[in-house]
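Structural characterization, general
The primary structure of each chain is shown beneath.
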Amino acid sequence: MAAAHRRSVTEETIHLIEVALEAEEKAPSAPGTSYWATRKLIPEFEAALNAGAFSGGTDSTQIISEERDARQTSRTPTQTLNQSPASGNASPPDLAPSGET
């Protein structure tokens, strides 16, 4: 594209940035409503949403935090981060390609 306009790649890049900035300035600064406020819902999902199917319950971040805490408390003090509780093997796997020593 730069060759078609007889500009260097740097000049073409600067031109394209200027065009993008001008278009951004012309765009309205604050849209009236967001996409999420006006989106069309699938009828089944909307019915479930209105029935309260997705409200209440435990927040997912709380569930993840509880699971992480349970894993940390189940480790013994001698286990390190490199050891898995099932194997007890602290050495890293051999990463050398097969056939080489």
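Residues numbered from 1 in each chain as written. Predicted model: local features only at pLDDT ≥ 70, side-chain atom pairs only at ≥ 80, totals over all residues. Heavy atoms only, no water.

The secondary structure content of the protein chain amounts to 4 helices and 0 strands. Along the chain direction, N to C, the helices and strands of the protein chain fall in the order α-α-α-α. Buried residues in the protein chain amount to 3% of all 101 residues. Taken as a whole, the protein chain presents about 9400 Å² of accessible surface, with 57% of it coming from carbon and sulfur. (Helix = DSSP H or I, 4+ residues; strand = E, 2+ residues; numbered from the N terminus. Buried < 20%, exposed > 50% of the residue type's maximum accessible area, 1.4 Å probe, protein only. Areas by Shrake-Rupley, 256 points an atom, 1.4 Å probe, with all protein chains shown as cover.)

Looking now at the pattern of salt bridges. By the definition in use, this model includes 1 salt bridge. Residue R7 is joined to E12 by a salt bridge in which the shortest nitrogen-to-oxygen separation is 2.8 Å. (Salt bridge = Lys/Arg side-chain N within 4 Å of Asp/Glu carboxyl O.)

When the pLDDT values of the protein chain are averaged, the result is 77; 67% of them are 70 or greater. Of all the helices and strands in the protein chain, helix α2 (residues 35-38) carries the lowest mean pLDDT, 84, while helix α3 (residues 43-50) carries the highest, 92. (pLDDT = per-residue confidence, 0-100.)

It is worth spelling out a negative patch on the surface at this point. Together, E18, E22, E24 and E25 line one region of the surface with negative charge. Its location among the elements puts E25 in helix α1 (residues 9-26). Take E25: its relative accessible area is 67%, and that puts it in the exposed class. (Patch = residues over 30% accessible without salt bridge, like charges linked within 9 Å, V, L, I, M, F, W, Y side chains within 5 Å. Lys, Arg positive; Asp, Glu negative; His and termini not counted. Charge placed at Lys NZ, Arg CZ, Asp CG, Glu CD.)

Right, let's get into the packing of aromatic side chains. The full count for this structure, using the stated rule, is 2 aromatic pairs. When the centroid spacing of 5.1 Å and the interplanar angle of 75 degrees are considered together, the rings of Y35 and W36 count as edge-to-face. Like W36, Y35 is exposed. (Phe/Tyr/Trp six-rings, centres within 6.5 Å; stacked < 30°, edge-to-face > 60°.)

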